[in-house]
Amino acid sequence: MGASTVEKYSEDALPAYTPMPWSLKEIRAAIPSQFFVRDTTRGLLYFARDVLMAAVVWSLATAIDPYFKQSATRELLTPIGAEAARWAAWGVYWWFQGLIFTGIWVIGHECGHGAFSDHKIVNDILGFVTHTFLWTPYFSWKISHHRHHSNHASMERDEVYVPKTREDLGIPDEAEGHEIDYDEIFGDTPIYTLYMLIRQQVLAFPAYLLFNVSGQKTYPKWTNHFDRKRSFSTMIINDLISSEQSANSILFTKAQRNAVIMSNIGIAAMVWGVSYASSVYGAWEVMKYYGIPWLEVTHWFIMITYLHHTDPEMPHYRGKEWNFQRGAAATVDRNFLGWQGRFFLHDVAHFHVIHHFFPKMPFYHGPEATQHLKAFIGDHYAYSDKPAFKALWDNYNKCQFVENEGDVLFYRDKKGQALRRPADQYRVKSTKAQ
């Protein structure tokens, strides 16, 4: 009587999901028009605030080494205590400067969508400056990011975070009487899983820009945001003297080549600027003040976007079941870093769902507009208050692959199990993975 029983996994017992029925026009009508108004002055004040914070924090950091290395401090704290306090102070600087830099990147993201200002020239100048400063090819990324928004959650057309299928991983289809040894396939130790997760957080964004990692698998092998046919270093040099680069990439049209070349010139200027600063001040000094905060930008950016678009309860679609509004709803608002995420990151994680529905809506209207969106779409609005780092670990382990067939899909974990299933009328196998 006291023996415990383990409930057997049953696909039929999972919560059933029915895709939303409304048109984008109906959803748009539920959002008051004032939330679509862009205020250039207000946006510039947010940007000025970020730049001022970055300058103040940078200035304060210049006092860290002199203060903790002086003899009076070392006598007060002991040499070991002073050294520990010095590195702790640098840790505080890196944490907050990383968040501030990420907020500046978010401003550039707003510009890329045209959400910052009614004036295209303001969007593009500010977006180019902010993103180039943080090693993002502004115009190239803007083009591909627009395609991501236009096709989000489409297995065939989305640009990034496209789930791997059972076939991609070499996992056989489930068959009655045939048991799949998922432990053999996914039997990584927690330490190795942590290593892979850290690698993702540090390298994923550069890898996406350079090698299309996590991007659309139907693209040619060497697709990237610079040139699919040449190495990164050769591409930068050649693009300074040639306007043919964008014509060689599946990501861009011939009409977009000048914009792509401008992005590459910006990145080339950053290569020169950082190299020159390193020769003058020393590579470690550049790394301390700029490099490590920039690495945090890539970490926060990947963590935020991964958690927005990778969740075991969010659907992906194939074929006729996908439409723009269903894709827009297939993302999650998160309580990301609490007040720090709201203040430093301009609510980019807290109110991301409304952004996917209406990318040109300014971020500062997100909180109020989200309330109207929630009231209209009800349970189709997704929110999670799970701590961000726990959510990252959980989703990294639970979101392994989707099925080869079907038009409404949910991630499966390392045991081949899902947390949700399509409603009965969507469970018919129809469109096989291409």
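Chemist: So what's going on with the overall build of the protein chain? Which residues, and what values?
Modeler: Scanning the protein chain from N- to C-terminus turns up 17 helices and six strands. Burial status across the protein chain gives 51% buried among its 434 residues. Sequence-distant contacts, at least 24 apart, represent 71% of the contacts inside the protein chain between residues at least 6 apart. On the protein chain, roughly 21,100 Å² of surface is accessible, and the fraction owed to carbon and sulfur atoms is 62%.

Chemist: Can you explain unusual backbone geometry? Please cite residues and give values.
Modeler: Of all residues except glycine, most have a negative phi; of all peptide bonds, most are trans. Of note in this structure, Tyr161 is not a glycine but carries a positive phi near 55 degrees. Here Tyr161 is to be found in the loop between α7 (138–150) and α8 (182–186). Classification of Tyr161 by relative accessible area gives buried; the value is 13%. Located in the positive-phi region is Asp347, a residue other than glycine, with phi close to 65 degrees. Mapped onto the elements of the fold, Asp347 is located in the loop between α14 (338–344) and α15 (353–357). Relative accessible area serves as the criterion here: at 11%, Asp347 is assigned to the buried category.

Chemist: I'd like a description of helix α11 (residues 257–281), backed by residues and values.
Modeler: Compared with an ideal rise of 1.5 Å per residue, which puts 25 residues at 36 Å, α11 spans 36 Å between its outermost C-alpha atoms and is within 8% of the ideal. A positive backbone phi angle near 105 degrees is found at Gly282, which sits one or two residues after α11.

Chemist: Got a sec to walk through the packing of aromatic side chains? Specific residues and values, please.
Modeler: Aromatic rings considered in pairs are described by the distance between their centres and by the relative angle of their planes. The tally for this structure, following the rule as stated, stands at 34 aromatic pairs. When the centroid spacing of 5.2 Å and the interplanar angle of 85 degrees are considered together, the rings of Phe36 and Phe358 count as edge-to-face. Within this pair, whereas Phe36 is found in the loop between α1 (24–29) and α2 (40–61), its partner Phe358 is found in the loop between α15 and α16 (366–377), the two being separated by 322 residues in sequence. With respect to class, Phe36 is no different from Phe358; both count as buried.

Chemist: Any details on the packing of helix α5 (residues 79–113) against helix α6 (residues 120–133)? Residues and values, ideally.
Modeler: One way to put it is that α5 packs onto α6 with a least axis distance of 8 Å and a crossing angle of 145 degrees. Between α5 and α6 lies a crossing whose hand is left-handed. Residue-level inspection shows Phe101, Ile104, Trp105, Ile107, Gly108, His109 and Cys111 of α5 in contact with α6, the latter providing Asn123, Leu126, Gly127, Thr130, His131 and Phe133.

Chemist: Residues and numbers for the nonpolar core, please.
Modeler: Counting residues in each nonpolar core, the largest one holds 56 residues, and the members touching the most others are Tyr93, Phe205 and Phe336. Broken down by secondary-structure element, the contributors of at least two residues to this core are α2, α3 (64–69), α5, α7, α9 (190–211), α12 (283–309) and α17 (388–398). No other element matches the twelve residues that α12 contributes to this core. Listed in part, the 17 residues of the second largest apolar core include Phe35, Ala329, Val353 and Leu373.

Chemist: Which residues make up the layout of surface pockets, and what are the values?
Modeler: Within this model, the second largest pocket holds a volume of roughly 880 Å³. Together, 30 residues line the second largest pocket, and Glu11, Glu174, Glu403, Arg412 and Gly416 are the ones closest to its centre. For the lining of the second largest pocket, the secondary-structure elements that each account for two or more residues are β5 (408–409) and β6 (421–422). When grouped by side-chain class, the residues that make up the lining of the second largest pocket number ten nonpolar, five polar and 15 charged.

Chemist: Can you break down empty space enclosed by the protein residue by residue, with the values?
Modeler: Enumeration over the complete set of coordinates arrives at one cavity of 30 Å³ or more. Considering only enclosed or pocket space, the largest cavity measures out at about 140 Å³ in volume. Lining the largest cavity are 15 residues, with Glu110, Asp347, Phe351, His355 and Phe363 positioned closest to its centre. Mapped by element, the contributors of at least two residues to the lining of the largest cavity are α5 and α15. Looking at the lining of the largest cavity, the element that brings in the most residues is α5, giving three residues. Taken together, the residues that form the lining of the largest cavity break down as eight nonpolar, five polar and two charged.

Chemist: Give me the lowdown on the confidence of the model for the protein chain, citing residues and values where you can.
Modeler: Confidence in the prediction for the protein chain averages 89 pLDDT; 87% of positions are at 70 or higher. For the stretch residues 228–247, pLDDT sits under 50, and the model shows 43 contacts to residues farther than four places along the chain or on other chains.

Chemist: Could you give an account of the environment of Lys288, naming the residues involved and the relevant values?
Modeler: Of note, Lys288 is situated in helix α12. Here Lys288 is in contact with Asp65, Trp90, Tyr93, Trp94 and Pro293, once residues within four sequence places are set aside. Separated by 3.1 Å, the side chains of Lys288 and Glu285 make a polar contact.

Criteria and thresholds
- Residues numbered from 1 in each chain as written.
- Predicted model: local features only at pLDDT ≥ 70, side-chain atom pairs only at ≥ 80, totals over all residues.
- Heavy atoms only, no water.
- Helix = DSSP H or I, 4+ residues; strand = E, 2+ residues; numbered from the N terminus.
- Buried < 20%, exposed > 50% of the residue type's maximum accessible area, 1.4 Å probe, protein only.
- Contact = heavy atoms within 4.5 Å.
- Areas by Shrake-Rupley, 256 points an atom, 1.4 Å probe, with all protein chains shown as cover.
- Expected span 1.5 Å × (residues − 1).
- Phe/Tyr/Trp six-rings, centres within 6.5 Å; stacked < 30°, edge-to-face > 60°.
- Axes fitted to C-alpha atoms, helices over the stretch in contact; angles between N-to-C directions.
- Left-handed = near helix turned anticlockwise from the far one by under 90°.
- Core = buried A, V, L, I, M, F, W, Y, C linked by side-chain atoms within 4.5 Å.
- 1 Å grid on protein atoms, 1.4 Å probe; cavity = no way out; pocket = protein on both sides within 12 Å on 5 of 7 lines; lining within 4 Å.
- Points joined across faces, edges and corners; volume = space filled by probe spheres on them.
- Nonpolar A, V, L, I, M, F, W, Y, C, P; charged D, E, K, R; others polar.
- pLDDT = per-residue confidence, 0-100.
- Polar contact = N/O pair within 3.5 Å; in protein donor to acceptor, adjacent residues only side chain to side chain.

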